[in-house]
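A look at the structure
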2 protein chains.
Amino acid sequence: MEMNNIPEMFQSKLRLMIISALIRQPLSFSALRQLTGATDGNLSVQISKLSEAGYITVRKEFAGKKPLTTCELTPLGRYSFRQYVELLNSILQGE
Amino acid sequence: MEMNNIPEMFQSKLRLMIISALIRQPLSFSALRQLTGATDGNLSVQISKLSEAGYITVRKEFAGKKPLTTCELTPLGRYSFRQYVELLNSILQGE
DNA sequence: TAAAGTACTTTATAATATAAAGCATCATGG
DNA sequence: CCATGATGCTTTATATTATAAAGTACTTTA
């Protein structure tokens, strides 16, 4: 089957969790850390990868004097996730 | 003498060091930390006080993805420091 | 002079990023 | 088939700053 078509970006549990969380609404770094339970370093790296892949946008600003990082799913990210789920569905159906 | 006129802002060794360092040119938080040897917390607090007093300006931006804080002496800060030195001089001369 | 009030300093913790080191997995060549 | 690498994720340590809490010192004041 199309196992080879599984996009790079979905081959990591953490990235998958991040994308899943962002399906509903944009979230801050802290919120993602709490939802995923990931370490800061790992989360930071995987966010960068998703961003470089164009799956999410990362906005940085200062909330008062402290940095605030907000992540949001892009249309491409959303679309790719849908494709991925469809692929899994089709695999499940034998096709 | 005018001992009572010693401005609040010059009654802390750390603030004095910060202002002295900024006389020549603007400096980053890190540079100030290195020059003064102060702890992060203390430096941060004293920078805020100098800023609130209008003696320095504090600019925040992202250098790449990391925060960068730059401090610069204001005309008021420079003027006040001059006044302070003059005051000390006059005290030294018996007023 | 003991108790209070002020202000500075240290320490701990929070928000993120990067680099280095550790691990696991997968492909290769003997 | 097994030792070697190449990849890539994860953890750990460290870097930038900020804030809150706790410690310390000095100065009033009753």
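Please refer to the structure placed before this passage.
Procedures and definitions
- Residues numbered from 1 in each chain as written.
- Chains lettered and ligands numbered in written order.
- Predicted model: local features only at pLDDT ≥ 70, side-chain atom pairs only at ≥ 80, totals over all residues.
- Least-squares fit on C-alpha atoms with pLDDT ≥ 70 in both.
- Contact = placed C-beta atoms within 7 Å.
- Helix = DSSP H or I, 4+ residues; strand = E, 2+ residues; numbered from the N terminus.
- Near = placed C-beta within 6 Å.
- Nonpolar A, V, L, I, M, F, W, Y, C, P; charged D, E, K, R; others polar.
- Pairing = 2+ DSSP bridges.

Before going further, it helps to spend a moment on the relation of the copies chain B and chain A. Note on the identical chains: chain B maps onto chain A by a rotation of 180 degrees and an axial translation of 0.0 Å, with an RMSD of 0.0 Å. Between the two chains, the operation in question is that of a two-fold axis. In terms of C-alpha distance to the rotation axis, chain B has Pro67 of chain B as its closest residue, with the C-alpha 3.5 Å off the axis. Interface residue correspondence from chain B to chain A reaches 100%, placing this contact among same-surface, isologous pairings.

You can see Tyr79 of chain A is positioned in helix 4 (residues 75–92). For Tyr79 of chain A and Gly37 of chain A, which are 42 residues apart along the polypeptide, the C-alpha to C-alpha distance reads 26 Å.

Around DNA strand D, a shell composed of 27 residues is seen, among which Gly41 and Asn42 of chain A together with Phe29, Gly41 and Ser44 of chain B lie nearest. For the surface near DNA strand D, the secondary-structure elements that each account for two or more residues are helix 1 (13–22) and helix 3 (40–52) of chain A together with helix 2 (29–36), helix 3 (40–52) and strand 3 (66–73) of chain B. Of all the elements, helix 3 of chain B adds the most residues to the surface near DNA strand D, at six residues.

Neighbouring residues of DNA strand C: 27 residues in total, closest Phe29, Gly41 and Ser44 of chain A together with Gly41 and Asn42 of chain B. The element that contributes the greatest number of residues to the surface near DNA strand C is helix 3 of chain A, accounting for six residues. The class makeup of the residues in the surface near DNA strand C is eight nonpolar, 13 polar and six charged.

Let us look at the pairing of strand 3 of chain B. All names here are of chain B. The pairing of strand 1 (residues 27–28) with strand 3 spans two bridges and is antiparallel. Its bridge partner lying in strand 3, Leu27 is registered against Cys71. As paired strands, strand 2 (residues 56–63) and strand 3 are joined by eight bridges and run antiparallel to one another. Looking at the pairing, Arg59 lines up with Thr70 of strand 3.

Moving on, we come to the sheet that holds strand 2 of chain B. Paired through backbone hydrogen bonds, the strands of a sheet run either parallel or antiparallel to each other. Strand order in the open sheet made by the three strands is 1-3-2 (chain B), with antiparallel pairing throughout. Edge positions in the sheet fall to strand 1 and strand 2 of chain B, since each has one partner strand and no second.

Accessible area lost upon the coming together of the parts is a frequently used measure of interface size. Contacts between chain B and chain A engage four residues on the former and four residues on the latter. Tallied by class, residues from the side of chain B that touches chain A come to two nonpolar, no polar and two charged.

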